[in-house]
Amino acid sequence: MSKQSLFYIIGAALCIAGLVLVLAFTSAGLNIIGGVLFLLGCVAGLMFTHAPTIARRELGGFFYSPIAYILMAAYLGVIAFIFCAGIQASGRAQTEQTFGIMMFLSLFICPVITMRLLAEEARLGTLETMTTAPITDFELTIGKFVGAFLFYLILNIPTLVFVLVLSLAGKPDYGTIIASYVGIVLFGAMLISVGLLVSAFTKNQVISAFVSFVATFLLYLVGIMGRNAPGIPGKVISYIGAATHYMDFTRGMIMSQHVLYYITLCVFFLFLTVRTVESHRWR
Amino acid sequence: MISVKNLTKMYGDFPAVNDISFEVGEGEIVGFLGPNGAGKTTTMRILTCFIPATEGTATVAGYDIFTQSLQVRQNIGYLPENNPLYPEMRVAEYLNFRAKLKNVPRGDRKARIGEALERCGADAFAHQVIGTLSKGQRQRVGLADCLLHNPRILILDEPTIGLDPNQIRHVRALIKDLGKQHMVLLSTHILPEVESVCERFIIINQGRIAAEMSMKDLQRSPYIEIEAAAPEGDLRVALQQLDGVVGVKRTPGAQHRESARLTLELKPDADLRADISALMSQKQWPLLELRQRALTLEDVFVRTTIQNEAPNAPAKEVA
C-alpha cells in the first residue's frame, strides 16, 4: 500500500471518529475533541496529495496581486468602524454586532477571493497544463479550496486585535468570542465552496464574482424571508437560509446542527466542483 | 509508444477528428502536419487526456488514455498550443511547483530543475518573473517544464510558433537533441521544420490522415512531369503501362493546344527517363518536356490537403 492511500485511510477514520464525537455526545469537551479530530483527519488525508502544493501556490497568488491588500484594508476598516460604534453606543464590551457585520461582509469578500480560482486558469489556458499533469481533479479542487480558505483565515487574523482591546478595557465573554469565530470560519468555508463552484463554470472573473455573490446572498436572504413566513414551509425555508444558522454562534452557542449545516453544504458544493472540473474531460 | 486506433472526436455534429489510426514507435521524432483547423491540436489534447475522444481508443506509453489517465500523464511532457504560464510567478518557482505536481521526488527536484533549465537555455533568467519574459524565453520555460519529470514521450503543439528565426533554430536543435532520449510527437504547419527535425511525418486534413511517410521514403520517391504533343488519353494509357509508374495525373500548364501535360508518380528509386524517351520515339510523339524531381514535403502537403477544398472553389467564384 502506498504512503498516500495509508494516509487517506487514517484521515477518513479520524474524520468519522470526530463526527461521531460531535453528533452522538452532548458533552462540550467531547464535542470539541471531535472537532479537532475531524480537522486532523482532513489534514492527514490531504498531507501526501498534491493539494498542499496547489494550495500554497494559490495562497501565494493572492499576495502577488493588489487584491489581497485592498480586501484586507476594506474588510478591517469597516469592521473597526462598526466595532467602535457598537461599543460607544452600548457602553458594554459586546461583540455580537461586530461578528454580525463580519459575516455580512464575508458575503462580499468571499466572491472576490474565489472569483479567480478556476476562472483565471481557464482564461490563461493553464487549466490545460494543470489537468494534463498527473494530478486528480479532486486534488486540484481541494487544493484551490484550501488555498482560498487559508487566505480567508489570514484575512480574519487581524480582527483578534479587537479582542485584545476588549480584554484590556473590560471583561469580554471569551466563550462567545470563540463561538463567533467558529461561526465565521464555517460560514466562510461554505461561501468559498460556492464561489469555487461558480468559478469552475466561467472564464470571466467578473461573472464569476457576481454570480457567486448573488447565489450566496440569496442563500442568506432566504433565511430572513422564512422567519416571517408561517407554518412548516416557513420553517423549512428558514432552515435552508444561511443566516439562521449563524445567529446562534454570535450568541455564544456552537450547536452541532449548525456546524453540520455548513459542513454539509461545503462538502456538497466541493463535490459539485470536482464533478464540474471532471466534466471538462468528457465534454 | 503511442498507438491510436480509430479515434474520432465530434464537436456537436462536426467531426474534428475523424477515425484516425497511427502508431509512433520508441525514439522516433514524428511531425504532425496539417492546415489550420485540421484536428492536430484536438488529437494531441485527446492523447494527453485533456479532452476525451468520442470513439476509438489510444494507448500512450502502454497505458490506456481513458482508464489509466494518471499513468499516461506521468509519462508525457506536454507543451500546449501557445504555452500557457502563470505570469506572476518566477521561472524557478514555477518549475518547482510543476515538479511537485509531476511527482519528482523532493531530493531530485533541484537537480532536475537545474538540468531542465540548462538544456533549454533558460538558466539565465531563472529568477525573472514570467510576465516579463519574451516569447522565446517563455517557450523555453514551457519546454523545460516538459522535461522536468524525464518523460518517455514529448508531445509538443506548435513549439516554434511566434519565435524569431534564431529562436526557431535553437528550439529545433533542442528538439532534435531531445529526440535522442525521448519519443517526440510535434505538431506544426511549418514544413521546413519537419524537414529539418523529423524522421517521419503524418499529414492530417479535415480530421483524417491524408498521408504518412518517413522522410527517407520521401527523398527516395521521384516524380516526373512530362509534356508531349499527343492525344492525352493515348499518352496516359501508354505511360500507365510502363513498369514503375504508380499513378498518372493531369497537370495544368500545357503550352500548346495539341500537347498534353501529365505528372507521373513513381515507385521509390525508379528512374524511367530512358524508358519514356524510348516510348515516345516508338509512338512518334514529339516530347516537349521531361523533368524528374524528388518529391518534396511541400508537394505531398499541397497535394493531400488542397484537393479536398476544390468543391468549394466554384461557389466562391459565384459569390
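Only a predicted model underlies this, so the values are computations on that prediction, with no experimental measurement involved. (Residues numbered from 1 in each chain as written. Chains lettered and ligands numbered in written order. Predicted model: local features only at pLDDT ≥ 70, side-chain atom pairs only at ≥ 80, totals over all residues.)

1. Description of the overall build of chain B
In terms of helices and strands, chain B carries 12 helices and 14 strands. Principal-axis analysis of the C-alpha atoms places the extent of chain B at approximately 80 × 45 × 40 Å. Counting the 319 residues in chain B, one finds 39% classified as buried. The contacts in chain B between residues at least 6 apart in sequence include a share of 70% that link residues at least 24 apart. (Helix = DSSP H or I, 4+ residues; strand = E, 2+ residues; numbered from the N terminus. Buried ≥ 20, exposed ≤ 12 C-beta atoms within 10 Å, placed from the backbone. Contact = placed C-beta atoms within 7 Å.)

2. Observations regarding the domain arrangement of chain B
When the parts come together, some accessible area is lost, and that loss is often what is quoted as the size of the interface. According to the domain assignment, chain B contains domain 1 (2-217) and domain 2 (222-294). Between domain 1 of chain B and domain 2 of chain B, the C-alpha centre-to-centre distance is 43 Å. (Domains from an automatic or database assignment.)

3. Quick word on the environment of A111(B)
Residues and elements named next belong to chain B. Among the secondary structure elements, A111 is positioned in helix 4 (residues 106-119). By C-beta crowding, A111 is classed as exposed, having 10 other C-beta atoms within 10 Å. Remark: the alpha-carbon pair of A111 and E258, spanning 147 residues in sequence, is separated by 72 Å.

4. A short note on the nonpolar core
Grouped together as the largest cluster of nonpolar side chains are 68 residues, with contacts concentrated most on V30(B), A144(B), I155(B), V184(B) and I204(B). When residues of this core are assigned to their parent elements, the largest contribution, 5 residues, is made by helix 5 (residues 135-147) of chain B. Excluding residues that lie within four positions of it along the chain, A144(B) makes contacts with L95(B), A116(B), L117(B), C120(B) and A122(B). Core analysis: the second largest hydrophobic core is formed by 66 residues, M130(A), I135(A), L196(A) and Y246(A) among them. (Core = buried A, V, L, I, M, F, W, Y, C linked by C-beta atoms within 7 Å.)

5. Here we look at the sheet that holds strand 7 (residues 153-157) of chain B
All names here are of chain B. A sheet is described by the order of its strands in space; here 6 strands give the open sequence 6-7-8-3-9-10, paired in mixed fashion. Looking at which strands have only one partner, the edges of the open sheet turn out to be strand 6 (76-79) and strand 10 (208-214). Going from strand to strand, the sheet's axes swing by 15° on average, the running direction of each strand aside. With 5 bridges joining them, strand 7 and strand 8 (residues 183-188) adopt parallel strand pairing. Paired with L156 across the strands is L186, a residue of strand 8. On top of the sheet, helix 1 (residues 40-47) reaches strand 3 (29-33), strand 7, strand 8 and strand 9 (200-205); it is set at about 150° to strand 7, its chief contact. (Pairing = 2+ DSSP bridges. Axes fitted to C-alpha atoms, helices over the stretch in contact; angles between N-to-C directions.)

6. Digging into the interface of chain B and chain A
Across the boundary between the two partners, chain B contributes 19 residues, which contact 18 residues of chain A. At the level of secondary structure, the elements contributing two or more residues to the side of chain B that touches chain A comprise helix 2 (69-74) and helix 3 (91-101) of chain B. Here the residues of the side of chain B that touches chain A are counted per class, giving 11 nonpolar, 4 polar and 4 charged. (Nonpolar A, V, L, I, M, F, W, Y, C, P; charged D, E, K, R; others polar.)

7. Description of unusual backbone geometry
All names here are of chain B. You will see that N103, though not glycine, has its phi angle at about 60°, which is positive. In this fold, N103 is placed in the loop between helix 3 and helix 4. Backbone geometry places E158, a non-glycine residue, at a positive phi of 45°. One can find E158 in the loop between strand 7 and helix 6 (165-178).

8. Side note on the environment of T216(A)
All names here are of chain A. Secondary-structure assignment places T216 in helix 11 (residues 205-228). The spacing of T216 and C110 is 106 residues in sequence and 9.5 Å in space, taken between C-alpha atoms. If we skip the residues at most four places from it in the chain, T216 touches L107, C110, L191 and V194.

9. Some details on the sheet that holds strand 14 (residues 287-294) of chain B
Residue and element names in this part refer to chain B. Here 4 strands make up an open sheet; going across it, the order is 12-13-11-14 and the pairing antiparallel. Two strands in the sheet have a free side with no partner beyond their single neighbour: strand 12 (245-250) and strand 14. The average angle at which neighbouring strand axes cross in this sheet is 20°, direction not considered. Relative to strand 13 (residues 260-266), strand 12 runs antiparallel, the two being bridged by 5 bridges. Considered in strand 13, the bridge of V248 is made with L264. Running at roughly 20° to strand 13, helix 9 (residues 232-240) makes contact with strand 11 (222-228), strand 12 and strand 13 of the sheet. On top of the sheet, helix 10 (residues 273-283) reaches strand 11 and strand 14; it is set at about 165° to strand 14, its chief contact.

10. What about the domain arrangement of chain A?
Residue and element names in this part refer to chain A. Taken domain by domain, chain A holds domain 1 (1-48) and domain 2 (50-282). Its C-alpha centre places domain 1 at a distance of 22 Å from the equivalent point of domain 2. Residue-level contacts link 4 residues of domain 1 with 5 residues of domain 2. Only helix 1 (3-24) and helix 2 (28-47) provide two or more residues apiece to the side of domain 1 that touches domain 2. Along the lines of polarity and charge, the residues of the side of domain 1 that touches domain 2 split into 3 nonpolar, 1 polar and no charged.

11. Description of the packing of helix 3 of chain B against helix 4 of chain B
All names here are of chain B. Where helix 3 contacts helix 4, the two axes come as close as 10 Å, and the packing angle between them is 125°. The angle between helix 3 and helix 4 places the two elements in the oblique class. The two elements helix 3 and helix 4 cross, and the hand of that crossing is right-handed. Taking contact as the criterion, the partners of A92, L95, N96 and A99 in helix 3 are, on helix 4, R109, R112, I113 and A116. When the residues that make up the contact of helix 3 with helix 4 are grouped by side-chain class, the tally is 5 nonpolar, 1 polar and 2 charged. (Parallel < 35°, antiparallel > 145°, perpendicular 65-115°, else oblique. Left-handed = near helix turned anticlockwise from the far one by under 90°.)

12. Focus: the packing of helix 4 (residues 67-90) of chain A against helix 5 (residues 96-114) of chain A
The geometry of a pair of packed helices is captured by two quantities: the angle between their axes and the separation between those axes. Residue and element names in this part refer to chain A. Packing of helix 4 against helix 5 leaves a shortest axis separation of 9 Å and a crossing angle of 160°. In terms of axis orientation, helix 4 runs roughly antiparallel to helix 5. Crossing of helix 4 against helix 5: the hand is right-handed. Contacts from I67, L71, Y75, V78, I79, I82, F83 and G86 of helix 4 reach helix 5 at Q97, T98, I101, M102, L105, I109 and V112. Considering only residue class, the contact of helix 4 with helix 5 consists of 12 nonpolar, 3 polar and no charged.

13. Remarks on helix 3 of chain B
For an α-helix the count is 3.6 residues per turn, leaving residues at separations of three or four pointing the same way. Most of helix 3 of chain B is tucked away, with 8 of its 11 residues classed as buried. Within the span of helix 3 of chain B, buried status applies to V91(B), Y94(B), L95(B), N96(B), R98(B), A99(B), K100(B) and L101(B). Packing partners of the buried residues in helix 3 of chain B comprise helix 3 (51-64) of chain A together with helix 4 and helix 5 of chain B. Within two residues after helix 3 of chain B, N103(B) carries a phi angle of roughly 60°, on the positive side.

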